[in-house]
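Architecture at a glance
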Amino acid sequence: MSPLPNAFPFWLSLCLPPLAVLGMVQGGWTVALLPLATWWLFSLLDALSGLNTENPDPQTDESLLTWHRAVTLIWFPVQFALLIAMLWYVPRADHLSAVERIVLFFGMGVISGTIGINYAHELMHQKSRIERWLADLLLATVLYSHFRSEHLRVHHIHVGTPRDPVTARYNEGFHRFFPRVLRQCPQSAWQAEAAMLARKGLPWWHRSNPFWRYATLQATMLALAVVLGGWVGLGLFLVQAFTAIWQLELVNYIEHYGLTRRHLGGGRYEHVLPRHSWNAEHRASNWLLINLQRHSDHHYKPDRRFPLLQTYSENEAPKLPYGYPLMTMAAMIPPLWRRLMNPRVRAWRRLHYPDITDWHAYNKGLNPVAG
């Protein structure tokens, strides 16, 4: 086992908010710095820094992870302060054109999706009430609070089956996948929470239903946007929120594309295995995304802290050809995506499921599900 990874590289996300401030003050081409840095700079850093195939000791004491945890704990105040500053300043900035304002909030959405939702994902899996609350606060800033319920109560249980909306189907382009998950995920999250309340003998309207908290937090954010920036501020806030959601669902799309669990009959499926998630060992993008690309191990041990996530051999878990920044850009161009990924999905099927000759039901999500 290698030594515990140094926490410092995972703090690189804190280099991004100053780029937003620079864009606000300077305008011009600088308003595009956030997406340029997040996608292209980290893709370049991936090429320069190579792969990281080392595994830290998963039994490392949590007391040694203080500085790793700290970056996820401080991110909400950083993101919230930046968003509030932008909502107040940008609508009043006469030196910024309408296009520059939109690009600025598009860039803000890129980091609130790439970093904010990703950190919320890390926090929602922990036992600490403070960390779970920080996750809820981060998700409220992008109006996607139901993601916590959908992710914990649907995705982790049903990944790789037709009951998981965010398992992208083979040959399903992102432009079909995105509207489908926007429609299905809130519904599946609501049904999962209502079913859990029913098992406790409680009605859906019980105060313990987290959707009441989600609605209150999101309404507060919408009201803040109007108070700080007026109707222009509200419109810009919605640009930010939609961009963040788009970023999240791009990542969801690439994480499990075409990877399905074997149907055992009667709506039952095999257990989730490392082979059911795409992984990437690219060093720099794993710094930015706090090891989200070690996705197979996250599904194996969902509450494992990000610095301790393990990587697997190619025979155990499939690998993406590039890190998430480049892969998400490729996903926006379906012919390019299919050319990159469909041969890899077919090779994965031959390796792990050579006995399955008819994949039609898997490709179309037609296999039955248990009630």
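Look a little higher up for the structure.
Calculation rules
- Residues numbered from 1 in each chain as written.
- Predicted model: local features only at pLDDT ≥ 70, side-chain atom pairs only at ≥ 80, totals over all residues.
- Heavy atoms only, no water.
- Helix = DSSP H or I, 4+ residues; strand = E, 2+ residues; numbered from the N terminus.
- Rg over C-alpha atoms; globule rule 2.2 N^0.38 Å.
- Buried < 20%, exposed > 50% of the residue type's maximum accessible area, 1.4 Å probe, protein only.
- Contact = heavy atoms within 4.5 Å.
- Areas by Shrake-Rupley, 256 points an atom, 1.4 Å probe, with all protein chains shown as cover.
- Lys, Arg positive; Asp, Glu negative; His and termini not counted.
- Charge placed at Lys NZ, Arg CZ, Asp CG, Glu CD.
- Axes fitted to C-alpha atoms, helices over the stretch in contact; angles between N-to-C directions.
- Parallel < 35°, antiparallel > 145°, perpendicular 65-115°, else oblique.
- Nonpolar A, V, L, I, M, F, W, Y, C, P; charged D, E, K, R; others polar.
- Phe/Tyr/Trp six-rings, centres within 6.5 Å; stacked < 30°, edge-to-face > 60°.
- Lys NZ or Arg CZ within 6 Å of the ring centre and 35° of its normal.

Secondary structure summary: the chain contains 13 helices and two strands in total. Against the globule reference of 21 Å for 371 residues, the chain gives a C-alpha radius of gyration of 21 Å, in line with a compact fold. Considering only C-alpha atoms, the chain reaches an extent of 65 × 55 × 45 Å along its principal axes. Looking at the chain residue by residue over its 371 residues, the buried ones come to 55%. Taking contacts inside the chain between residues at least 6 apart in sequence as the whole, the part at least 24 apart equals 72%. Accessible surface computed for the chain: about 16300 Å², of which carbon and sulfur atoms make up 63%. When the 34 basic and 24 acidic side-chain charges of the chain are each reduced to a single mean position, those positions are 6 Å apart.

This part takes up the packing of helix H11 (residues 324-331) against helix H12 (residues 334-352). Each packed pair of helices is defined by two parameters, the angle between the axes and the distance between the axes. Close contact between H11 and H12 brings their axes to 7 Å; oriented N to C, the two are set at 125°. Relative to H12, the element H11 lies oblique. Across the interface between the two elements, Met327, Ala330 and Ala331 from H11 touch Pro334, Leu336, Trp337, Leu340 and Met341 from H12. Class assignment for the residues of the contact of H11 with H12 results in eight nonpolar, no polar and no charged.

Tallied over the entire structure, the rule returns 23 aromatic pairs. Taken together, a centroid distance of 5.1 Å and an interplanar angle of 75° make the contact between Phe10 and Phe306 edge-to-face. Of this pair, Phe10 sits in the segment before helix H1 (17-26) while Phe306 sits in the loop between helix H10 (295-300) and H11, placing them 296 residues apart in sequence. As far as burial versus exposure is concerned, Phe10 and Phe306 are alike and both buried. For Arg213, the ring lying beneath its charged end belongs to Trp133, and the centroid distance is 5.5 Å. The positively charged end of Arg349 is found above the aromatic ring belonging to Tyr170, 4.7 Å away from the centroid.

What follows concerns unusual backbone geometry. Phi at Leu143 takes a positive value of approximately 60°, unusual for a residue other than glycine. Its place among the elements puts Leu143 in the loop between helix H5 (129-140) and helix H6 (147-158). The backbone phi angle of Asn171 is positive, close to 75°, even though this residue is not glycine. Of note, Asn171 is situated in the loop between H6 and helix H7 (174-199).

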